[in-house]
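Chain by chain, the residues:
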Amino acid sequence: MTAATLKRGARVPKSARARPVRPATMAPVFGKRQVLIALAVVFAIAIAVMIAVRVPQKLWAGFVTWTAANGWEVRHVELTGAREQDRLAIYAAALNGPTNAMLATDLDAVRARLRALPWVADASVQRRLPDTLVIEVTERRPVALWQKNRHLAAIDLSGRVLTAERLERWNDLPILIGPNANARVHEALELLAATPLGRDVMAATLVGGRRWDLHFKSGEVLALPDRPAVARGALTAFAKLDGQGPQRLIGGGFTRFDLRLPGRMTVAGPAVAKTLADAEKARRAAAQASKI
């Protein structure tokens, strides 16, 4: 161990001078970008908390209630295009929401409820502020009557049941008979439109879910093949036969024509017996004449 003696007024050696002490850490310095990021994070957290406690929904609900109290409420429905569909059902579908406030009315939901009605094929719904809904409906068109279990109903081209009331308005429409015959309405109408004989058909029965029997207004039944294209061809051939000769096949005393076998027609009815009797009579007359 050594000791050093200093004289009064002498300079302190460099080795003994006190050295400045540097701070262990420096205070962080934030730039403008970091401050903006921090504020954005805080703002996002605040928004998330507000959404979690449903603050925006409550504010919107309060605003909607205020507008409804000040006249922005559905009080009128302007309706066009409804002829068959009951108007009360349309009004009920339009006003079936949780509230009649105009701003809270869900137009897509109203349109969906309208399209669920039997006669409505499509609908448009618009707001006319402050208090009117403007509704335009396009109705379905009946194209046939469907008979199931002895009950009749009007159906459209998709087979949808429209109504079972006041069917006398559509007495000129063809009748489709049998389970699921309504699902084959497009096929049946194409078949009837293939020849002019369609206007003579009163009804068509779906047999076994595979093929059609046509019932003519004069009482005859025509059995057709099960494949639609073959059935149309058979009906066209029958129409040509019906138009040949001095008398038509339809209304000529026959009761049934069967075209299910290719290139062959089987017939039944009083006219068959008469034709056979006339043929036998002609044969005997010819044989008698040959003996003279």
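Asks: Whenever I open this one, the overall build of the chain confuses me. Can you help?
Replies: Looking only at helices and strands, the chain features 7 helices and 12 strands. For the chain, the proportion of its 292 residues judged to be buried stands at 30%. Across the chain, the fraction of contacts at a sequence separation of at least 24, relative to all contacts at a separation of at least 6, is 47%. Here the chain displays about 20,100 Å² of accessible surface, and carbon together with sulfur accounts for 58% of that area.

Asks: In this structure, what is going on with the sheet that holds strand β2 (residues 120-128)? I would like to understand it.
Replies: Each strand in a sheet pairs with its neighbour through backbone hydrogen bonds, running either in the same direction (parallel) or in the opposite one (antiparallel). Across the sheet, 3 strands lie side by side as β1-β3-β2; this open sheet has mixed pairing. Strand pairing shows two members of the sheet lacking a second neighbour, β1 (76-80) and β2, which therefore form its edges. Between one strand axis and the next, the sheet turns through 20° on average, direction left out of account. As defined by bridge partners, β2 adjoins strand β3 (residues 132-139) across 8 bridges and the pair is classed as antiparallel. Looking across to β3, one finds that Asp122 is bridged to Thr138. Lying over the sheet, helix α3 (residues 87-94) contacts β1 and β3, oriented at roughly 130° with respect to β1. The strands touched by helix α4 (residues 107-115) within the sheet are β2 and β3, with β2 carrying the most contacts at an inclination of about 150°.

Asks: For this particular structure, what's the right way to read the sheet that holds strand β12 (residues 266-268)?
Replies: Spatially, the 9 strands line up as an open sheet ordered β6-β5-β4-β7-β8-β9-β10-β11-β12, and their pairing is mixed. Each end of this open sheet is capped by a strand with a single partner; those strands are β6 (161-163) and β12. On average, adjacent strands in this sheet sit at an angle of 30° to one another, irrespective of strand direction. Here strand β7 (residues 175-177) runs beside strand β8 (residues 201-207); their pairing, made up of 3 bridges, is parallel. Residue pairing in the sheet places Leu176 in a bridge with Ala204 of β8. Strands β4 (144-148), β5 (151-155), β7, β8 and β9 (211-216) of the sheet are contacted by helix α5 (residues 185-192), whose axis makes an angle of about 50° with β9.

Asks: Looking at this structure, how should I read the packing of aromatic side chains?
Replies: To describe a pair of aromatic rings, you give the distance between the ring centres and the angle between the ring planes. The full count for this structure, using the stated rule, is 4 aromatic pairs. Ring centres 5.5 Å apart and planes at 50° place the aromatic pair Phe254 and Phe257 in the tilted group. The pair formed by Phe254 and Phe257 is uniform in burial state, with each residue classed as buried. Within the aromatic cluster, the residues linked to one another by ring pairs are Phe216, Phe238, Phe254 and Phe257.

Asks: Help me understand the nonpolar core, please; the structure alone is not making it clear to me.
Replies: Looking at soluble globular proteins, one finds that nonpolar side chains tend to be buried together. Judged by nonpolar contacts, the single largest core of 30 residues is most densely connected at Leu176, Trp212, Leu214, Leu222, Leu224 and Phe238. Of all the secondary structure elements, the ones that give two or more residues to this core are β4, α5, β8, β9 and α6 (228-242). Ranked by residue count, the leading element in this core is α6, at 5 residues. Filtering out sequence-adjacent residues up to four positions away, Phe238 remains in contact with Leu197, Phe216, Leu222, Leu249, Ile250, Phe257, Leu259 and Met265.

Asks: What should I look at first to understand the packing of α3 against α4 in this one?
Replies: The relative placement of two packed helices is expressed as an angle between their axes plus a distance between the axes. The geometry of α3 relative to α4 is characterised by a closest axis approach of 8 Å and an angle of 150° between their N-to-C directions. Taken together, the axis directions place α3 and α4 in an arrangement best described as roughly antiparallel. Taken as a pair, α3 and α4 cross one another with a handedness that is right-handed. Contact residues: α3 offers Ile90, Ala93 and Ala94, while α4 offers Val110, Arg113 and Leu114. In terms of residue class, the contact of α3 with α4 is built from 5 nonpolar, no polar and 1 charged.

Asks: For this particular structure, what's the right way to read the side chain of Asp213?
Replies: Relative to the helices and strands, Asp213 is located in strand β9. Polar contacts involving the side chain of Asp213 include one to the side chain of Arg211, which spans 2.6 Å. Those residues in contact with Asp213 that sit more than four places away from it in its chain are Ala203, Ala204, Thr205, Val207, Val221, Leu222, Ala223, Leu224 and Arg256.

Asks: Could you clarify how one ought to interpret α3 in this entry?
Replies: Every α-helix carries 3.6 residues per turn, so stepping three or four residues along brings you back to the same face. Within α3, burial applies to Ile90, Ala93 and Ala94. The buried residues of α3 occupy an angular sector of 100° when the element is viewed end-on, so they sit on one face.

Asks: Is there a simple way to explain the pattern of salt bridges in this structure?
Replies: Pairing is possible between side chains that carry opposite charge, provided their charged atoms lie close to one another. Inspection of the entire model under this criterion finds 14 salt bridges. Note that Glu73 and Arg75 form a salt bridge whose closest N and O atoms lie 3.8 Å from each other. The partly exposed category is assigned to Glu73, whose relative accessible area is 27%. A salt bridge links Asp122 to Arg115; the shortest N-O distance between them is 3.9 Å. Where salt bridges share partners, they join Arg111, Arg115 and Asp122 into one cluster.

Calculation notes
Residues numbered from 1 in each chain as written. Predicted model: local features only at pLDDT ≥ 70, side-chain atom pairs only at ≥ 80, totals over all residues. Heavy atoms only, no water. Helix = DSSP H or I, 4+ residues; strand = E, 2+ residues; numbered from the N terminus. Buried < 20%, exposed > 50% of the residue type's maximum accessible area, 1.4 Å probe, protein only. Contact = heavy atoms within 4.5 Å. Areas by Shrake-Rupley, 256 points an atom, 1.4 Å probe, with all protein chains shown as cover. Pairing = 2+ DSSP bridges. Axes fitted to C-alpha atoms, helices over the stretch in contact; angles between N-to-C directions. Phe/Tyr/Trp six-rings, centres within 6.5 Å; stacked < 30°, edge-to-face > 60°. Core = buried A, V, L, I, M, F, W, Y, C linked by side-chain atoms within 4.5 Å. Parallel < 35°, antiparallel > 145°, perpendicular 65-115°, else oblique. Left-handed = near helix turned anticlockwise from the far one by under 90°. Nonpolar A, V, L, I, M, F, W, Y, C, P; charged D, E, K, R; others polar. Polar contact = N/O pair within 3.5 Å; in protein donor to acceptor, adjacent residues only side chain to side chain. Arc of directions from axis to C-beta. Salt bridge = Lys/Arg side-chain N within 4 Å of Asp/Glu carboxyl O.

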